[in-house]
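Spelled out, the chains give:
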Amino acid sequence: MPPAEAAATPVPFPLSRALLDAVLADRTSDRFVCELIWPRLGYELDGSGTWSAGPAAEASWRESFPTEPQFIAQRPPSVALTRSIPKQHKQLLKEQLGFGGYRIGELYPRRTRRATAVNWLLAHLAERGEPLPESGPLPELREQPADPVVGHPGDLPIS
């Protein structure tokens, strides 16, 4: 395989209502959630398996987060993601998915940041005039983590 193909960024995982519901239900790893966003923001895989801001990434993202922003584990990237959602799309989570939020006992930074990620993905589709299919491919779904504060095995600690 030529080197350019080996380093090519894979096509982003297709979005669907079923997939976004799985993200909200904490049935995927935090990294998987980030991998839904990174290529859509213009990040590309480099030869070492790290996602780096590519030429398609907006300058603000390249400057603030030159490599894979951890939208679930770290607050600053999550805040930047929230701020990047156009005002007219801030309620898509409720409008398109009927998501009313988490209950008081379910309010953990990991879960609220997942909701932000899903809202950003919905806004990304809306900005492009793309529909959200009801179903599509799903990764291997995990059981909800026993400790939602810690997350799934392999998830980065929350800061």
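Located above this text is the structure these notes cover.
Rules used in this analysis
Residues numbered from 1 in each chain as written. Predicted model: local features only at pLDDT ≥ 70, side-chain atom pairs only at ≥ 80, totals over all residues. Heavy atoms only, no water. Buried < 20%, exposed > 50% of the residue type's maximum accessible area, 1.4 Å probe, protein only. Helix = DSSP H or I, 4+ residues; strand = E, 2+ residues; numbered from the N terminus. Contact = heavy atoms within 4.5 Å. Axes fitted to C-alpha atoms, helices over the stretch in contact; angles between N-to-C directions. Parallel < 35°, antiparallel > 145°, perpendicular 65-115°, else oblique. Left-handed = near helix turned anticlockwise from the far one by under 90°. Phe/Tyr/Trp six-rings, centres within 6.5 Å; stacked < 30°, edge-to-face > 60°.

A. Inspection of helix α2 (residues 17-24) at higher detail. Those residues of α2 lying buried are Leu-19, Leu-20, Ala-22, Val-23 and Leu-24. Among the structural elements, α3 (30-41), α6 (92-97) and α7 (109-128) are those in contact with the buried residues of α2. Directly after α2, the chain includes Asp-26, whose backbone phi takes a positive value near 60°.

B. Broad picture of the packing of α3 against α7. Interhelical geometry of α3 versus α7 gives an angle of 30° and a closest axis separation of 11 Å. Put simply, α3 runs roughly parallel to α7. Helix-helix and strand crossings are classified by hand; for α3 and α7 the assignment is left-handed. Residues Asp-30, Val-33, Leu-36, Ile-37, Arg-40 and Leu-41 of α3 form the contact with α7, whose participating residues are Arg-110, Arg-114, Ala-117, Trp-120, Leu-121 and His-124.

C. Layout of the packing of aromatic side chains. The tally for this structure, following the rule as stated, stands at four aromatic pairs. Measuring from centroid to centroid gives 5.2 Å for Phe-13 and Phe-32, while their planes differ by 80°, and the two rings are edge-to-face. You can see Phe-13 sitting in the loop between α1 (3-6) and α2 and its partner Phe-32 sitting in helix α3, a full 19 residues away along the chain. Owing to a relative accessible area of 24%, Phe-13 belongs among the partly exposed residues under this scheme. Judged by relative accessible area, which is 14%, Phe-32 ranks as buried. Their ring planes at 40° and their centres at 5.6 Å tell us that Trp-61 and Phe-65 sit as a pair that is tilted. Taken together, the ring pairs in this structure connect Trp-61, Phe-65 and Phe-71 into an aromatic cluster.

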